[in-house]
Amino acid sequence: QVQPVESGGGVVQAGGSLRLSCATSINIFSTNSMAWYRQAPGKQRELVATMTSSGSTNYAASVKGRFTISTHNTENTVYLQMNSLKPEDTAVYYCRLSRTFMGDEIHDWGQGTQVTVSS
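Residues numbered from 1 in each chain as written. Predicted model: local features only at pLDDT ≥ 70, side-chain atom pairs only at ≥ 80, totals over all residues. Heavy atoms only, no water.

A. Representation of the overall build of the protein in the model. Counting its secondary structure elements, the protein contains zero helices and 11 strands. Helices and strands in the protein line up, N terminus first, as β-β-β-β-β-β-β-β-β-β-β. Over its C-alpha trace the protein gives a radius of gyration of 14 Å, about what one expects of a compact globule, namely 14 Å for 119 residues. Once the C-alpha set of the protein is aligned to its principal axes, its extents read approximately 45 × 25 × 25 Å. When contacts within the protein are restricted to residue pairs at least 6 apart in sequence, long-range pairs at least 24 apart make up 55% of them. About 6,200 Å² of surface is accessible on the protein, with carbon and sulfur atoms providing 47% of the total. Where the 9 positive side-chain charges of the protein centre and where its 8 negative ones centre are 7 Å apart. (Helix = DSSP H or I, 4+ residues; strand = E, 2+ residues; numbered from the N terminus. Rg over C-alpha atoms; globule rule 2.2 N^0.38 Å. Contact = heavy atoms within 4.5 Å. Areas by Shrake-Rupley, 256 points an atom, 1.4 Å probe, with all protein chains shown as cover. Lys, Arg positive; Asp, Glu negative; His and termini not counted. Charge placed at Lys NZ, Arg CZ, Asp CG, Glu CD.)

B. Representation of unusual backbone geometry within the structure. Positioned with a positive phi, S84 is a non-glycine residue whose angle comes to about 50°. Tracing the sequence through the fold places S84 in the loop between β8 (77–82) and β9 (91–101). Since its relative accessible area comes to 41%, S84 is described here as partly exposed. Here the phi dihedral of M102 falls at roughly 55°; this positive angle occurs in a residue that is not glycine. Tracing the backbone through its elements, the reader meets M102 in the loop between β9 and β10 (104–109). (Buried < 20%, exposed > 50% of the residue type's maximum accessible area, 1.4 Å probe, protein only.)

C. Seen up close, the side chain of R99. Following the sequence through the fold, R99 ends up in strand β9. Taking relative accessible area as the criterion, R99 reaches 17% and is therefore assigned buried. Polar side-chain contacts of R99 include one of 2.5 Å to the side chain of D108. Setting aside its immediate chain neighbours within four residues, R99 contacts V2, I26, T31, N32, D104, E105, I106 and D108. (Polar contact = N/O pair within 3.5 Å; in protein donor to acceptor, adjacent residues only side chain to side chain.)

D. How the structure looks around the environment of S7. Within the element layout of this structure, S7 appears in strand β1 (residues 5–7). Spatially, the C-alpha atoms of S7 and L20 are 5.8 Å apart, while their sequence positions differ by 13 residues. Those residues in contact with S7 that lie beyond four places of it in its chain are R19, L20, S21 and T113.

Right under this line is the structure:
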């Protein structure tokens, strides 16, 4: 099963930290890229952080310096370390793995994990 499974969400006070995990059965470095998205109530899903198979990372301006995307290859897991959390970080966070299948790029999404930051 390729579908990623997120975990690690919860309720935290502003200024606190959480680490999200995204586990999958495939070798994550066989993917083209790994990414975290989030969707707050009433808003569109937005990109938070990405990592390519070569290790290059990119972050949304709103989380740069506070969030870090990383991987653990032997565990086939992608992490999102979130520090200095703000109430506006409250959202459902989704993991997305992008890979090439029969010549096309496809995306495997997880079900999401809720992060709530209280003020």
